[in-house]
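Next come the chains, spelled out residue by residue.
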Amino acid sequence: MASTAPGLGTATSFAVLAGTTVTNVGNTVVNGDLGVSPGTAVTGFGPGLGTLNGTQRTGTDPAAISAKDDLTTAYGVAAASPCNFDKTGQNLGGQTLTPGTYCQTTAPTLSGTLTLSGNGVYIFQIGSTLVTGPGATVSLTNGAQPCNVYWQVGSSATLDTATTFVGNIMALASISLNDSASIAGRALAQTGQVSFINNQITAPTTCNTTSVSGPTSTPTPGPAVGATPPASTPAPVPASTPPTAFIGPPNAGGGPSQEGGLPWILTMVAGVVVGAGAVALATSARLRRSRPSAGPTPD
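Every value quoted in this text rests on a predicted model; they were computed, and no experiment measured them.

(A) Seen up close, helix α1 (residues 62-79). Given a rise of 1.5 Å per residue, 18 residues ought to cover 26 Å, and the 26 Å separating the end C-alpha atoms of α1 matches this to within 8%. In this structure Asp61 caps α1, since a side-chain oxygen of it lies 2.8 Å from the backbone nitrogen of Ala63.

Put into structure tokens, the structure is as follows:
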């Protein structure tokens, strides 16, 4: 059964959310909004410090309050997702996983490389803390996307030095990133703080919901190699309709008319015959008048 994305609602635009404070040491870069609520403290960002490529919202800012409420809802949805695969006691590093919900009732080990393969929703339910090893990596392949990866952490999360992480960390308490760790996703802490040391975090701006591997079409079989193709049946030739003869007495415009037909033809033939007879009689009469009368026969 496919897992359903929790949906972050108004928290989607935030790369960082905290309940109490957000602190930074070094040249951290945050791409996305940064929010703290109900707390108000944000330190370590500004000229010569960390860079925020987004909007900072704290305290009673309605956007921060709304984002924290939607985070709480998303956390509950992820925690309630039916478990497809139990990974309790296993090191997620070195494994290749497909979309689904993975549950770990104890703190998981993540060292080495975890590969997520395929476009779909990944939910990791972690009963206690999430701690990665130095240089740990979460890698995506075959259409997997950071926006579709959710880490529901029952207490706090710590990404060790140079960890390359992917997905939305939704921790009940706090989130800490050690030196040079990075997240293609979000660091969202409900009640505690979020702390940075020379890190980079980028909130996904789009999420493609189209499956990479769609239904496979069945090809239409062609003739076998060397086989004689079946004889084609010629299409029947429709019988031609003889053209309508335009024979008849002239119409009002002086051209031939389709009306009249056979009676008109017989009438014309009879007229020609009668006329020829009259001409023959007249010619015969002229010949008799022009012939001289024979005189009496001599004795």
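Next comes the rest of the description.
(B) Focus on the state of the cysteines. Counted by the stated rule, this structure contains two disulfides. Bridging Cys83 to Cys103, the disulfide has an S-S length of 1.9 Å. Across the S-S bond of Cys83 and Cys103 the torsion is about -65°, and the bridge reads as left-handed. Of this pair, Cys83 sits in the loop between α1 and β8 (85-86) while Cys103 sits in strand β10 (residues 100-104), and the two are 20 residues apart along the sequence. Accessibility expressed as a relative area gives 38% for Cys83, which makes it partly exposed. Take Cys103: its relative accessible area is 12%, and that puts it in the buried class.

(C) Representation of the nonpolar core in the model. Among the nonpolar cores identified, the biggest contains 40 residues, and Phe124 and Trp151 are the most heavily contacted of them. Filtering out sequence-adjacent residues up to four positions away, Phe124 remains in contact with Leu92, Leu97, Tyr102, Leu114, Leu116, Val149, Tyr150, Trp151 and Gln152. Of all hydrophobic cores here, the second largest spans 14 residues; its members include Ala67, Ala74, Tyr75 and Leu188.

(D) The arrangement of the packing of aromatic side chains in detail. Overall, the coordinates contain four aromatic pairs when judged by the stated rule. With centroids separated by 5.4 Å and ring planes inclined at 20°, the aromatic side chains of Tyr102 and Phe124 adopt a geometry described as stacked. Note that Tyr102 is positioned in strand β10 and Phe124 in strand β13 (residues 122-126), a separation of 22 residues in sequence. Its relative accessible area of 2% is what places Tyr102 among the buried residues.

(E) Layout of the side chain of Thr163. Within the secondary structure, Thr163 sits in the loop between β17 (157-159) and β18 (164-171). With residues up to four places along the chain from it excluded, the contact list for Thr163 reads Thr132, Gly133, Gly135, Ala136, Ser180, Ala181 and Ser182.

(F) Inspection of the sheet that holds strand β5 (residues 41-42) at higher detail. In spatial order, the strands read β5-β2-β21-β19-β17-β14-β11; together these seven strands make up an open sheet with parallel pairing. In the strand order of this sheet, the two ends are held by β5 and β11 (109-110), each with one partner. Sheet topology note: the strand β2 (residues 21-25)/strand β21 (residues 194-197) ladder contains four bridges and is parallel. Residue Val22 lies in a different strand from β21, and its bridge partner there is Val194.

Reading the values: rules and limits
- Residues take numbers from 1 onward in each chain, read along the sequence in its written order.
- In keeping with the predicted nature of the model, local features appear solely for residues at pLDDT of at least 70, side-chain atom pairs appear and are counted solely at 80 or more, and the whole-chain, interface and lining totals rest on all residues.
- Computation of side-chain values covers all heavy atoms of the structure but excludes hydrogens and water.
- Secondary structure is summarised from DSSP: a helix means a run of H or I of at least four residues, a strand means a run of E of at least two, and numbering begins at the N terminus for each.
- Take the residue count of a helix, subtract one, and multiply by 1.5 Å to get its expected span.
- Think of a polar contact as two N or O atoms within 3.5 Å of one another; within protein, one of them needs to be a possible hydrogen donor and the other a possible acceptor, and neighboring residues in sequence only count if both atoms come from side chains.
- Throughout, disulfides are identified as pairs of cysteine sulfur atoms within 2.5 Å of each other.
- Buried residues are those whose accessible area, probed at 1.4 Å on protein chains only, stays under 20% of the maximum for their type, while exposed residues exceed 50% and partly exposed ones sit between those limits.
- The nonpolar core is taken to be a set of buried Ala, Val, Leu, Ile, Met, Phe, Trp, Tyr and Cys residues, with the residues joined through side-chain atoms within 4.5 Å.
- Contact definition: two residues touch when any of their heavy atoms are within 4.5 Å.
- Pairs were defined over the aromatic rings of Phe, Tyr and Trp, the Trp ring being its six-membered one, requiring ring centres within 6.5 Å. Orientation was assigned from the angle between planes: stacked under 30 degrees, edge-to-face over 60, tilted for the rest.
- At least two bridges found by DSSP between two strands is the condition for calling them paired.

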